[in-house]
Amino acid sequence: MNANKQKHEIERVLTVFKPYLAKADFMDYLWCDKLQHYVFLFIDHTRSSIEESELVDSADMICERVYWEMGNDILLDHNCEGPIGDAPKIIQDEFCKKVQPYDSQLPEYHALLEHMLHTPSTRDS
């Protein structure tokens, strides 16, 4: 995918996730003119610092990260640890309900959700 199409697709995905990202005060995506890339920021408000940053190579990266964080939100609400794929079915069902509005707008990324639900330990963080 050429750079302009890739940027357009990233912006489309960010627009879909805008309601979640507006509430998620621990993460953000910013355009960096100097790098000509979007950058993911994981924010530590207790230290007023950036805990993690990463260049965004694709819209897939954004979907995977945001879905991962949505899963973590639900796991934390239930005092559970580990990947959403290892969570009890009732928690997985809650996750599916939470991501459904985004998934319905981004059906081409549905396989990422399936992978998360059916493969334990999909991320190292």
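Just so it is clear, the model here is predicted, and its values are computed rather than measured. (Residues numbered from 1 in each chain as written. Predicted model: local features only at pLDDT ≥ 70, side-chain atom pairs only at ≥ 80, totals over all residues. Heavy atoms only, no water.)

A. Main features of the sheet that holds strand E2 (residues 37-44). Spatially, three strands are ordered E1-E2-E3 in an open sheet, and the strand pairing comes out antiparallel. Of all strands in the sheet, those bounded by a partner on one side alone are strand E1 (27-32) and strand E3 (49-56). Between one strand axis and the next, the sheet turns through 30 degrees on average, direction left out of account. Packing against the sheet, helix H1 (residues 3-23) makes contact with E1, E2 and E3, and its axis sits at approximately 150 degrees to E1. (Pairing = 2+ DSSP bridges. Helix = DSSP H or I, 4+ residues; strand = E, 2+ residues; numbered from the N terminus. Axes fitted to C-alpha atoms, helices over the stretch in contact; angles between N-to-C directions. Contact = heavy atoms within 4.5 Å.)

B. Molecular detail of the nonpolar core. By size, the foremost hydrophobic cluster in this structure holds 35 residues, and its most contacted members are Phe 17, Tyr 67 and Phe 95. For this core, the elements supplying multiple residues, two or more each, are H1, E1, E2, helix H2 (59-77), helix H3 (89-105) and helix H4 (110-118). Ranked by the residues each element gives to this core, the list is headed by H2, at nine residues. Ignoring sequence-local partners within four residues, the contact set of Phe 17 consists of Ile 62, Cys 63, Val 66, Tyr 67, Met 70, Tyr 102 and Leu 106. (Core = buried A, V, L, I, M, F, W, Y, C linked by side-chain atoms within 4.5 Å. Buried < 20%, exposed > 50% of the residue type's maximum accessible area, 1.4 Å probe, protein only.)

C. Structural context of the packing of H2 against H4. Taken N-terminus to C-terminus, the directions of H2 and H4 make an angle of 40 degrees; their axes are 10 Å apart at the nearest point. Relative to H4, the element H2 is oriented oblique. Along this stretch, H2 crosses H4, giving a crossing that reads as right-handed. Touching Asp 60, Cys 63, Glu 64, Tyr 67 and Trp 68 of H2 are Leu 112, Leu 113 and Met 116, all from H4. Classifying every residue of the contact of H2 with H4 by side-chain character gives six nonpolar, no polar and two charged. (Parallel < 35°, antiparallel > 145°, perpendicular 65-115°, else oblique. Left-handed = near helix turned anticlockwise from the far one by under 90°. Nonpolar A, V, L, I, M, F, W, Y, C, P; charged D, E, K, R; others polar.)

D. Main features of the state of the cysteines. On inspection of all chains with the given rule, the structure shows zero disulfides. Of all cysteine sulfurs in the structure, the one in Cys 96 sits closest to Cys 80, which takes part in no disulfide; the separation is 15 Å. (Disulfide = S-S within 2.5 Å.)

E. Representation of the pairing of E2 within the structure. Taking burial as the measure, the eight residues of E2 include six buried ones, the bulk of the element. By the bridge criterion, six bridges tie E1 to E2 in an arrangement that is antiparallel. Paired with Leu 30 across the two strands is Val 39, which belongs to E2. What sits between the antiparallel neighbours E1 and E2 is a turn of four residues, in which Gln 36 has the positive phi angle 55 degrees. Both E2 and E3 contribute to a ladder of seven bridges, which runs antiparallel. When the sheet's bridge partners are listed, Asp 44 is paired in E3 with Ser 49. Adjacent in sequence and paired antiparallel, E2 and E3 are bridged by four residues, among which Ser 48 carries a positive phi angle near 50 degrees.

F. Expanded view of the packing of aromatic side chains. In the structure shown here, the tally under the stated rule is six aromatic pairs. Ring plane angle 45 degrees and centroid distance 6.4 Å describe the contact between Phe 40 and Phe 42, whose orientation is recorded as tilted. Put simply, the rings of Phe 26, Tyr 29, Phe 40 and Phe 42 touch in pairs and so form one group of aromatic residues. We note Lys 7 situated over the ring of Trp 31; from NZ or CZ to the ring centre the distance is 4.1 Å. (Phe/Tyr/Trp six-rings, centres within 6.5 Å; stacked < 30°, edge-to-face > 60°. Lys NZ or Arg CZ within 6 Å of the ring centre and 35° of its normal.)

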